[in-house]
Amino acid sequence: MSDDVLDLFRKSGALLEGHFRLSSGLHSDRYLQSALVLQFPEFAEALGAGIAERTRHLQPTAVLSPALGGIVIGQEVGRALGVRALFAERQEGVLMLRRGFTLSAADRVLVVEDVITTGGSTREAIEVAAATGAEVVGAAAIVDRGSDAARLNLPLYALVKLDVPAYVPESCPLCARKVPVSKPGSRT
Ligand SMILES: [Zn+2]
């Protein structure tokens, strides 16, 4: 499955090489633009089904994803599990449920992201769900870029683990060589 998943990223041109500023603020020489994979419904469906297969035993009643990156894969996981797919979004920097989305103490929530790097937005989504009284039963992603699962205090299910080094800017070797840095999501 891991090789198949990376193949989908390569086929879609979603595995970029260069000097990138990740959403976590870290720098890396590789970037996964998962939107390029997920634009193909058959790929999105297959990846969602793969995550659902690994997490069905948790018996989630809802999937919660941080916007924007998690929305498409969250929808596909929800579809494969036959449960609601909600997303949380930022308002003045704070992740929250909007648009009338609700969770309750009766819900078992699976937090789903496209790519987990530091786990920062996953942790925030976990807090959003927990604040409603729901039980957070696990976290899942298409790609785990070397997050520290222990810091999530939850089981983490990823279809592929990709250990690509990410650096704080001060110790980034590409910055040291003065290679221009780009923020991939913002490129036209
Ligand atoms: Zn750098």
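Notes on the structure in this doc start here. Note that the coordinates shown come from a computational prediction; the quantities given were computed from them, not determined experimentally.

### Overview of the packing of aromatic side chains
Item 1. One pass over the full model with this rule turns up three aromatic pairs.
Item 2. Arranged with centres 5.1 Å apart and planes meeting at 80 degrees, the rings of Phe87 and Phe101 form a pair that is edge-to-face. With a gap of 14 residues between them, Phe87 in strand β4 (residues 84–91) and Phe101 in the loop between β5 (94–97) and β6 (108–116) connect regions that are remote in the sequence.
Item 3. Classification of Phe87 as buried rests on a relative accessible area of 18%.

### Looking at the coordination of the zinc ion
Item 1. For the zinc ion, the protein coordination sphere consists of His19 (NE2), His27 (ND1), Cys172 (SG) and Cys175 (SG), at 2.1 to 2.4 Å.
Item 2. The coordination sphere of the zinc ion comprises four donor atoms, whose angles at the metal cover 92 to 124 degrees; the geometry is tetrahedral.

### Some details on the environment of Ala105
Item 1. Residue placement: Ala105 occurs in the loop between β5 and β6.
Item 2. Separated by 51 residues in the primary sequence, Ala105 and Arg54 have C-alpha atoms spaced 24 Å apart.
Item 3. Each residue touching Ala105, except ones within four places of it in the same chain, is listed here: Thr132, Gly133 and Ala134.

### Description of the sheet that holds β6
Pairing between the strands of a sheet comes from backbone hydrogen bonds, and it takes one of two forms, parallel or antiparallel.
Item 1. If you trace the six strands from one edge of the open sheet to the other, you get β5-β4-β3-β6-β7-β8, paired in mixed fashion. Strands at the two margins of the open sheet, each flanked by one partner only, are β5 and β8 (156–161). Pairs of neighbouring strands in the sheet enclose a mean axial angle of 25 degrees, with direction left out of account.
Item 2. In the sheet, strand β3 (residues 62–66) pairs with β4 via five bridges, with the strands oriented parallel. Residue pairing for β4: Leu64 is matched across the bridge by Leu86.

### Focus: the sheet that holds strand β1 (residues 15–21)
Item 1. With respect to topology, three strands assemble into an open sheet ordered β1-β2-β9, the strand pairing being antiparallel. Edge positions in the open sheet fall to β1 and β9 (166–167), since each of these has one partner strand only.
Item 2. Two elements, β1 and strand β2 (residues 27–32), share five bridges in a ladder whose sense is antiparallel. Looking across to β2, one finds that Phe20 is bridged to Ser28.

### Some thoughts on the nonpolar core
Item 1. Of all hydrophobic cores here, the largest spans 30 residues; its most connected members are Phe9, Leu47, Ile73, Val77, Ile142 and Val143.
Item 2. For this core, the elements supplying multiple residues, two or more each, are α1 (2–11), α2 (34–38), α3 (41–55), α4 (71–81), β6, β7 (135–144) and β8.
Item 3. Tallying contributions element by element places α3 first for this core, with five residues.
Item 4. Setting aside anything within four residues of it in sequence, one finds Val77 in contact with Gly48, Ile51, Ala52, Val63, Leu110 and Val112.
Item 5. Among the nonpolar cores identified, the runner-up in size contains 20 residues, and Leu64, Ala129, Ala134 and Ala141 belong to it.

### Quick look at unusual backbone geometry
Item 1. Leu68 follows Ala67 through a cis peptide bond whose omega is -10 degrees.
Item 2. Take Leu68: it is sitting in the loop between β3 and α4.
Item 3. Positive phi values are uncommon outside glycine, yet Glu92 reaches one of about 50 degrees.
Item 4. Mapped onto the elements, Glu92 comes out in the loop between β4 and β5.
Item 5. Classification of Glu92 by relative accessible area gives exposed; the value is 82%.

Cut-offs and rules
Throughout this description, residue numbers start from 1 for each chain and increase along the sequence as written. Where totals are concerned, whole chains, interfaces and linings use all residues; where local detail is concerned, this predicted model gives features only for residues with pLDDT of at least 70, and gives and counts side-chain atom pairs only at 80 or more. Values shown for side chains rest on all heavy atoms present in the structure; no hydrogens or waters enter the calculation. Side-chain rings of Phe, Tyr and Trp, where Trp is taken by its six-membered ring, are said to pair if the distance between their centres is within 6.5 Å; with planes under 30 degrees apart they count as stacked, over 60 as edge-to-face, and otherwise as tilted. Each helix is a run of DSSP H or I of at least 4 residues and each strand a run of E of at least 2, with the numbering of both proceeding from the N terminus. Categorising residues by exposure relies on relative accessible area from a 1.4 Å probe, with only protein chains included: less than 20% of the type maximum marks a residue as buried, more than 50% marks it as exposed, and the intermediate range marks it as partly exposed. For Na, K and Ca the donor cut-off is 3.2 Å; for every other metal, N, O and S atoms count as donors within 2.8 Å. Water does not enter the count, which can leave sites looking incomplete. Every geometry call rests on angle ranges, with four donors termed tetrahedral when all angles are between 85 and 135 degrees, four termed square planar and six termed octahedral when opposite donors are over 155 degrees apart and all others are between 65 and 115, and everything else termed irregular. Contacts are assigned to residue pairs that have any heavy atoms within 4.5 Å of one another. Two strands are counted as paired when DSSP detects at least two bridges linking them. Lines are fitted to the C-alpha atoms to define the axes, a helix being fitted only along its stretch in contact, and any angle between axes, read from their N-to-C directions, falls within 0 to 180 degrees. Buried residues of nine kinds, namely Ala, Val, Leu, Ile, Met, Phe, Trp, Tyr and Cys, make up a nonpolar core once their side-chain atoms join them within 4.5 Å.

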